[in-house]
Amino acid sequence: MVPQALAVSLCRNILRESSRSVFNYWTGTLLRARFVSSRRRPGDSDAMSSRKASHAGSWYESQGNVLGKQLSDWLDAASPTESPARAIIAPHAGYSYSGPCAGHAYRQIDPAKIKRVFILGPSHHVHLSNCAVPGVQVYETPIYHLPIDLAVVSELQSTGHFGVMDLNTDEDEHSIEMHLPYIAQVMASRKGNFKIVPILVGGLTPEKEQLFGQLLSHYLADPENLFVVSSDFCHWGKRFQYTYHEKSHGAIHQSTEALDRMGMEIIEKLQHMEFTQYLKKYRNTICGRHAIGVLLSVS
């Protein structure tokens, strides 16, 4: 069973009805060929040493002091209703859309005893049937740079189920990067005393979600580890090939809110199979559904 200490803080990023696609920042599921190696290990001589903050200046502020002030304001506006959380789910859209919402999730974190932060983000650009870890040693942010726990990355690779992202794949992907500034801000008091473990999550079957949940279970059992799951919720509109509308709930945005809340309630109960059935029935376009499935499979 999932440890009782686990508190999942959910951000509710509610859609509003619009004549245009609301999520115009969404990149879509572009299956572009990228090389994900199962052989190269972080720290190898041919591996790049760092991943640049490739979305800074477009998806969020690139000046560290300005960015830090924005994050502090969003955190201050939230209340620690579920603190200290052992795992959170938060969005990965541009900060003009998701920044205030994510602040409610990150406000639940108490950095005092955290030594390691796992970040599970969905793959938007690469077709991936398993999971992958970085091939670099450091992730850069405008606030300060975050070192990767190479020992844990090596442990994960040794299971035979984790590939290694090439640098282009890593820097193209936004689902993990959008959490790095928030992690740097929240963990500032622990700077130099914690590391991160980014994991890119592919299009897993429910069985593989359970497999990866088992592989990560002993890390979640460690109270010095924090898990961050990166996910937006419903992406509604023709461009997403999703136009579900339960008219008994009212307008489109009200129907979408009800649909998302239904999924969130299942997640809050930590019910993996019920969440799988929910996705099968409603086909809700929750982009981080497989990363969420991994979290719910931890036992």
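Above: the structure in question.
Residues numbered from 1 in each chain as written. Predicted model: local features only at pLDDT ≥ 70, side-chain atom pairs only at ≥ 80, totals over all residues. Heavy atoms only, no water.

*Asks:* I'm lost on the overall build of the protein chain in this one. Help?
*Replies:* Along the backbone of the protein chain there are nine helices and 11 strands. Counting only residues that meet the buried cut, the protein chain has 54% of its 299 residues in that class. Sequence-distant contacts in the protein chain: of pairs separated by 6 or more residues, those separated by 24 or more amount to 85%. Carbon together with sulfur atoms contributes 48% to the accessible area of the protein chain, which is approximately 13,200 Å² in total. (Helix = DSSP H or I, 4+ residues; strand = E, 2+ residues; numbered from the N terminus. Buried < 20%, exposed > 50% of the residue type's maximum accessible area, 1.4 Å probe, protein only. Contact = heavy atoms within 4.5 Å. Areas by Shrake-Rupley, 256 points an atom, 1.4 Å probe, with all protein chains shown as cover.)

*Asks:* Explanation requested: the environment of Ile286 in the structure shown.
*Replies:* Its location among the elements puts Ile286 in the loop between helix 8 (272-282) and helix 9 (289-296). Relative accessible area serves as the criterion here: at 0%, Ile286 is assigned to the buried category. Residues Ile286 and Ser231 lie 55 residues apart in sequence; the distance between their C-alpha atoms is 6.9 Å. Setting aside residues up to four positions removed in sequence, Ile286 forms contacts with Ser231, Asp232, Phe233, Phe275, Tyr278, Leu279 and Ile292.

*Asks:* Can you walk me through the sheet that holds strand 3 (residues 50-51) in this structure?
*Replies:* Pairing between the strands of a sheet is mediated by backbone hydrogen bonds and can be parallel or antiparallel. Ordered in space as 3-7-8, the three strands form an open sheet in which the pairing is mixed. With partners counted over all chains shown, the strands left at the sheet margins are strand 3 and strand 8 (146-147), one partner each. The sheet contact formed by strand 3 and strand 7 (residues 138-139) spans two bridges and is parallel. From the neighbouring strand, Arg51 faces strand 7, where its bridge partner is Tyr139. (Pairing = 2+ DSSP bridges.)

*Asks:* For this particular structure, what's the right way to read unusual backbone geometry?
*Replies:* Among all residues save glycine, negative phi is the norm, and among peptide bonds the norm is trans. Going from Ser83 to Pro84, the amide bond is cis rather than trans, its omega being 0 degrees. Mapped onto the secondary structure, Pro84 falls in the loop between helix 1 (64-76) and strand 4 (87-90). Positive phi is not limited to glycine here, since Leu270 has a value of about 60 degrees. Within the element layout of this structure, Leu270 appears in the loop between helix 7 (252-268) and helix 8. The phi angle at Arg283 is positive, at roughly 55 degrees, despite the residue not being glycine.

*Asks:* Any chance you could explain the packing of helix 6 (residues 206-220) against helix 8 here in plain terms?
*Replies:* Two packed helices can be described by the angle between their axes and the distance between those axes. Relative orientation of the contacting elements helix 6 and helix 8 amounts to 150 degrees, with a least axis distance of 11 Å. Regarding the angle of helix 6 to helix 8, the classification is roughly antiparallel. Where helix 6 crosses over helix 8, the handedness of that crossing is right-handed. In contact with Pro206, Glu209 and Gln210 of helix 6, helix 8 contributes His272, Met273 and Thr276. (Axes fitted to C-alpha atoms, helices over the stretch in contact; angles between N-to-C directions. Parallel < 35°, antiparallel > 145°, perpendicular 65-115°, else oblique. Left-handed = near helix turned anticlockwise from the far one by under 90°.)

*Asks:* I'm lost on the pairing of strand 10 (residues 195-201) in this one. Help?
*Replies:* In summary, the side chains of a regular strand alternate between the two faces of the sheet. Of all seven residues that make up strand 10, six are buried, and the element is covered over most of its length. One ladder, built from seven bridges, connects strand 5 (residues 116-122) with strand 10; its direction is parallel. Residue pairing across strands places Phe118 opposite Val197, the latter belonging to strand 10. Of the pairings in the sheet, the one linking strand 6 (residues 131-133) to strand 10 comprises two bridges and is antiparallel in character. Bridge pairing in strand 10 links Cys131 to Val201.

*Asks:* What am I meant to see in the side chain of Ser50 here?
*Replies:* Within the secondary structure, Ser50 is located in strand 3. A distance of 3.0 Å separates polar atoms of two side chains, one belonging to Ser50 and the other to Glu140. Apart from the residues lying within four places of it in its own chain, the contact partners of Ser50 are Val136, Val138, Glu140, Leu167 and Glu171. (Polar contact = N/O pair within 3.5 Å; in protein donor to acceptor, adjacent residues only side chain to side chain.)

*Asks:* Is there a simple way to think about the environment of Phe194 in this case?
*Replies:* Position of Phe194 among the secondary structure elements: in the loop between helix 5 (180-186) and strand 10. According to the relative accessible area criterion, Phe194 is buried, its value standing at 3%. Note: C-alpha distance between Phe194 and Asp149 (45 residues apart in sequence) is 8.6 Å. Non-local contacts of Phe194, meaning those with residues more than four positions away in its chain, are made with Ile114, Lys115, Arg116, Val117, Tyr144, Leu146, Pro147, Ile183 and Met187.

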